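Observations on the model geometry
For reference, the chains in residue letters:
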Amino acid sequence: MNAVLPKMIQSTMWMSTLLIVAVIAAIASAYDPMDFAKGNEIELQLRNKRFSNVVADVKMTEVEQNVDKRLIRPIICPPRETSNIELCCGNKVYRGTFPYNAQCCGNNYIDTNKKLCCDGVVYPIKSNSNCCGKKTYNSNSQICCGKTIFKQSSNRNLQCCKSKSYDPTKSICCNGTVTHVNGRLLSCCGHTGYEISKYSCLGNGTLVLKPKNTVTEVCNGVLIDYTTNMCCDGVSRARPDDLTICCGTGTFNSSNQMCCNGTVHNYTGNVMICCQKSLIDSNKHACCNGKIIPRPINSVGDINYCSPPGGVGSGPGHIFESFSPYFTCCGDNLLTNYTTQLCCVNKLYNLDPNSLYDSYCCGDKIYSLNTNSKKQQICCEDKLYTFEQNSKNQGSCCGSAFYNQYKQSCCNNTIIKGSNINCCGNRGYNLDTEVCCAGKIFKHDKVPANRCCNPPSSIIIY
């Protein structure tokens, strides 16, 4: 009996050891990375259970029962953003190590180097395989139109017409409808295809047979003979000769008449011009912005127009020099004297005799650069500022804003308090304690050798 007892104890110890090893192995297997993926098969309802006031009856699947619940962290998906070891696909979160080209496909994820996702359905990648709806097709021998797959022709010339396929050498696609037409010059009339050498389309989807040996055109839904008629703004008019042309819905004889915006006038000389609907003698009148203005007596030369800006001259908002002397339109006025008048963006100003030679435009306003006056003016990008210049006020521009150089500085169109500031981008910095590199300010310990590296995004100390 005493000899048997040690053997029983020894046998029990071996069994305990084996049991402990088995438990350790089970725990280790529970933390295997593959179980992360298994754990993610648990319904979203279970993962959020601890964070929701809703208690649902969730039936545990066999996979769920085998996954250590410590691996299941409560996650809301969406809208929670996933980490670099998590992937949210639909209503499921996957954890673990994913391939570089991992991509969601419905509630699953795929390696796009090996799999193809077609509207939520996963397929293995094959040569020339592409998606067509939820199916795949071979782009070398098939064509996908809409979500329907068709067999490609031997010469690979089939094309799509919405959800149908057709051969463009034999048919034409008109607004999603395929029409089989024998002919080379094809066109569409609504949803119907036709041969333009035989038919005409009246614009409302109606086809009419063309008369033989006749040049025709469609005029407001009516087929007319182009050799005897013309279409003037949708109205058919007789064409008695080649000199008769359209003027609005009517006609006029271009040899002795002029058309001004749909109004016909008899032409009385080679100096007649149109001003809106009127006909004027350019020796006696000028047309400025549609307004008829009498020309001064004994004037010569053509009228040059500076409305809208951008014509002959120094640019918008300034005097426009005329190649034909003496006259220029300024909006709906006539500039007749360049010495005593100034045109600023279509506004005409008569200059003060005391400031004839120091007056300038600022947008559509006029200002003087008379330096003898206490009140000074400055133009900053078409914005006019008036200031009193003295020993404490020196005006200047910072973009479109005005600033005092004695109290402020301008850094990249940004006004900063303090004069003579060293700029770093749109900020100021101290040369004794800081260094500027590519618009960034860095501190230094007054070491003269501090300088920017290349590219200049930081400093380097020698």
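The coordinates are above.
Residues numbered from 1 in each chain as written. Predicted model: local features only at pLDDT ≥ 70, side-chain atom pairs only at ≥ 80, totals over all residues. Heavy atoms only, no water.

1. So, the overall build of the chain
- Scanning the chain for helices and strands turns up 4 helices and 49 strands.
- For the chain, with 462 residues in total, the buried portion stands at 26%.
- Partitioning the intrachain contacts of the chain with sequence separation of at least 6 by distance along the chain shows that 12% fall at a separation of at least 24.
- Accessible surface, the chain: about 30,100 Å² in total, of which carbon and sulfur atoms supply 52%. (Helix = DSSP H or I, 4+ residues; strand = E, 2+ residues; numbered from the N terminus. Buried < 20%, exposed > 50% of the residue type's maximum accessible area, 1.4 Å probe, protein only. Contact = heavy atoms within 4.5 Å. Areas by Shrake-Rupley, 256 points an atom, 1.4 Å probe, with all protein chains shown as cover.)

2. Thoughts on the layout of surface pockets
- The calculated volume of the largest pocket comes to roughly 150 Å³.
- Around the largest pocket, the lining is made up of 11 residues, and of these Leu369, Gln376, Gln377, Phe387 and Gln389 lie nearest the centre.
- If one sorts the elements of the lining of the largest pocket by residue count, strand S38 (residues 375–380) sits on top with 4 residues.
- A class-by-class count of the residues in the lining of the largest pocket yields 5 nonpolar, 6 polar and no charged. (1 Å grid on protein atoms, 1.4 Å probe; cavity = no way out; pocket = protein on both sides within 12 Å on 5 of 7 lines; lining within 4 Å. Points joined across faces, edges and corners; volume = space filled by probe spheres on them. Nonpolar A, V, L, I, M, F, W, Y, C, P; charged D, E, K, R; others polar.)

3. Comments concerning the packing of aromatic side chains
- Taken as a whole and assessed by the stated rule, the structure comprises 4 aromatic pairs.
- Measuring from centroid to centroid gives 5.0 Å for Tyr94 and Tyr109, while their planes differ by 70°, and the two rings are edge-to-face. With Tyr94 in strand S2 (residues 92–95) and Tyr109 in strand S4 (residues 108–111), the pair connects residues that are 15 residues apart, well separated along the chain.
- Grouped by ring-pair contacts, the aromatic residues Tyr385, Phe387 and Phe402 constitute a single cluster.
- Of note, Arg239 hangs over the ring of Tyr226, and the distance from its end group to the ring centre comes to 4.4 Å. (Phe/Tyr/Trp six-rings, centres within 6.5 Å; stacked < 30°, edge-to-face > 60°. Lys NZ or Arg CZ within 6 Å of the ring centre and 35° of its normal.)

4. Notes on the pattern of salt bridges
- A complete count under the given rule lists 5 salt bridges for this structure.
- Two residues, Asp364 and Lys365, come together in a salt bridge whose shortest N-O distance is 3.8 Å.
- Salt bridges here are not isolated pairs; linked through shared partners, they connect Lys347, Asp364 and Lys365. (Salt bridge = Lys/Arg side-chain N within 4 Å of Asp/Glu carboxyl O.)

5. Focus on the pairing of strand S14 (residues 177–180)
- In this structure, strand S13 (residues 171–174) lies alongside S14, joined through 4 bridges in antiparallel fashion. In the strand pairing of S14, Ser171 is matched with His180.
- Joining the antiparallel neighbours S13 and S14 is a turn of 2 residues, in which Asn175 adopts a positive phi near 50°. (Pairing = 2+ DSSP bridges.)

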